[in-house]
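Close look at the chain arrangement
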Amino acid sequence: MDFDRYDRVRPIRWDGQHLHLLDQRALPFTECEVICADADAVAAAIHALVVRGAPAIGIAAAWAVVMAGRSVQAGDGAAALAAIDPVLQRLAQARPTAVNLRWALARMRAVLARAGGDWQQCLAAEAAAIASEDLAANRHMGALGAALIAPGSGVYTHCNTGSLATAGFGTALGVIRAGVAGARIARVFAGETRPWLQGARLTVWELQRDGIDATLVADSAAAYVMRSGQVQWLIVGADRICANGDVANKIGTYALAIAARYHGVRTMVVAPSSTVDMATADGSGIEIELRDPAELLSFAGQRTVAAGVKAWNPVFDVTPAALIDVLVTERGVIAHPDVASMAQAFACNSIG
Ligand code: MRU
């Protein structure tokens, strides 16, 4: 497939000194960068959703570790690790649900622990590898997932799982890119993804950029779209996949998976193995991020809800493995993931 034609957007750029983040809070009308000069600036950007999406958060954190190392004088990696440990801990706390953040930091720690005097170069090489492996995984998953889709199908996606959420190409959106390029996908529906509107502000913009036709719907229209027969697959990403196959993803995914099962629409979860957390047995062990209720109480900076009204704003939910028809990772396709199939595919996932 012609990757350049279908994948032009990049959210993260390392210039050798600074980390440039495409500010996703300002999209789609303003394309500007937040330029981070140190690790704490990256942690703040992750928390504020300047950069978002599980794999992208991990990549940004890896470059933050490179910047943290710049102010340290140490003869070997172990000494450097001791010096920057507080920074690593602050980065890990920037967002709690996506395991890719912890996974990337663990990779950076492991490299430092075994590095000698060239530890700074080792860190930079590892951050670059995390980014390039993610792009390669996404392209591979795109092909694997698209091959499961019958020509002429319609798909529904949620949140933003595209180039903006990864090193490039995307996870669920990567399958959609590959499926459109291969003429398997004829219709793409994107839910707006209240309250932060990742679908409305990011996904349909990203697809428009790449010339892929998509139709935006209100989240509350999803079951009706499925009932209409226009959609054969629900395709979503993941922020954490547990040892039993339970999947944490953007709030609303669980309701979509229930609606999909009821209507005979199949559910495909697409995520790199860096999103698999074999240390968490099931979804009950996942910390679900709660964000500021103000995200629900206003729209475009304008309060829309009466003063004094309370709101609760969990931004992820857990879809039980039983509702997932197919899990696609760069290691292959797992139909109906469960404890046994997850253990077989990810037994060697030491980090995560
Ligand atoms: O709060 P966000 O925008 O970081 O949430 C993102 C999602 O839930 C995505 O679906 C998930 O990270 C997969 S991105 C490839």
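Our subject is the structure that appears above.
Now for a description of the structure that goes with this document.

What counts and how
Residues numbered from 1 in each chain as written. Predicted model: local features only at pLDDT ≥ 70, side-chain atom pairs only at ≥ 80, totals over all residues. Heavy atoms only, no water. Pairing = 2+ DSSP bridges. Helix = DSSP H or I, 4+ residues; strand = E, 2+ residues; numbered from the N terminus. Near = heavy atom within 4 Å. Polar contact = N/O pair within 3.5 Å; in protein donor to acceptor, adjacent residues only side chain to side chain. Areas by Shrake-Rupley, 256 points an atom, 1.4 Å probe, with all protein chains shown as cover. Nonpolar A, V, L, I, M, F, W, Y, C, P; charged D, E, K, R; others polar. Domains from an automatic or database assignment. Contact = heavy atoms within 4.5 Å. Axes fitted to C-alpha atoms, helices over the stretch in contact; angles between N-to-C directions. Parallel < 35°, antiparallel > 145°, perpendicular 65-115°, else oblique.

Structural notes on the sheet that holds strand 14 (residues 316–319)
The strands making up a sheet associate through backbone hydrogen bonding, with each pair oriented either parallel or antiparallel. If you walk across this open sheet you meet the four strands as 11-8-9-14, and the pairing is mixed. Strands with a single pairing partner mark the edges of an open sheet, and in this sheet they are strand 11 (276–277) and strand 14. One ladder, built from four bridges, connects strand 9 (residues 247–250) with strand 14; its direction is antiparallel. Bridged to Lys 250 within strand 14 is Phe 316.

Focus on the site of the ligand
The immediate surroundings of the ligand are formed by 17 residues, with Arg 52, Arg 95, Asp 239, Asn 249 and Lys 250 found nearest. Gly 53 is positioned such that a nitrogen or oxygen atom in its backbone is 3.0 Å from an oxygen atom of the ligand. In this structure, Gln 198 approaches the ligand through a side-chain N or O atom, which is 2.9 Å from an oxygen atom. Alone, the ligand offers 420 Å² of accessible surface; in the complex the protein occludes 99% of this. Those elements that place two or more of their residues in the shell around the ligand are helix 3 (54–70) and strand 9. Class assignment for the residues of the shell around the ligand results in six nonpolar, seven polar and four charged. Here the shell around the ligand spans two domains, and each of domain 1 (3–138) and domain 2 (141–346) adds at least three residues to it.

Regarding the pairing of strand 9
In summary, the side chains of a regular strand alternate between the two faces of the sheet. Of the strand pairs in this sheet, strand 8 (residues 240–242) and strand 9 are connected by two bridges, and their pairing is antiparallel. Among the inter-strand pairings, Ile 241 is bridged to a residue of strand 9, identified as Val 247. Linking two consecutive strands that pair antiparallel, namely strand 8 and strand 9, is a turn of four residues; a positive phi of about 95° is found at Gly 245 within it.

Points about the environment of Arg 25
Here Arg 25 shows up in the loop between strand 2 (19–22) and strand 3 (33–36). In this structure, the C-alpha to C-alpha distance between Arg 25 and Ala 48, residues 23 residues apart in sequence, is 8.4 Å. Once you skip the residues sitting within four places of it in the chain, Arg 25 turns out to touch Val 34, Ala 48, Leu 49, Val 50, Trp 196 and Arg 201. Within the structure, the side chain of Arg 25 is placed 2.9 Å from the side chain of Asp 23, a separation counted as a polar contact.

Comments concerning the packing of helix 4 (residues 77–92) against helix 5 (residues 99–114)
The N-to-C vectors of helix 4 and helix 5 enclose an angle of 170°; their axes lie 9 Å apart at closest approach. Classified by the interaxial angle, the pair formed by helix 4 and helix 5 is roughly antiparallel. Seen from helix 4, the contacting residues are Gly 77, Ala 78, Ala 80, Leu 81, Ile 84, Asp 85, Leu 88, Gln 89, Leu 91 and Ala 92; seen from helix 5, they are Leu 101, Leu 105, Arg 109, Leu 112 and Ala 113. Along the lines of polarity and charge, the residues of the contact of helix 4 with helix 5 split into 11 nonpolar, two polar and two charged.

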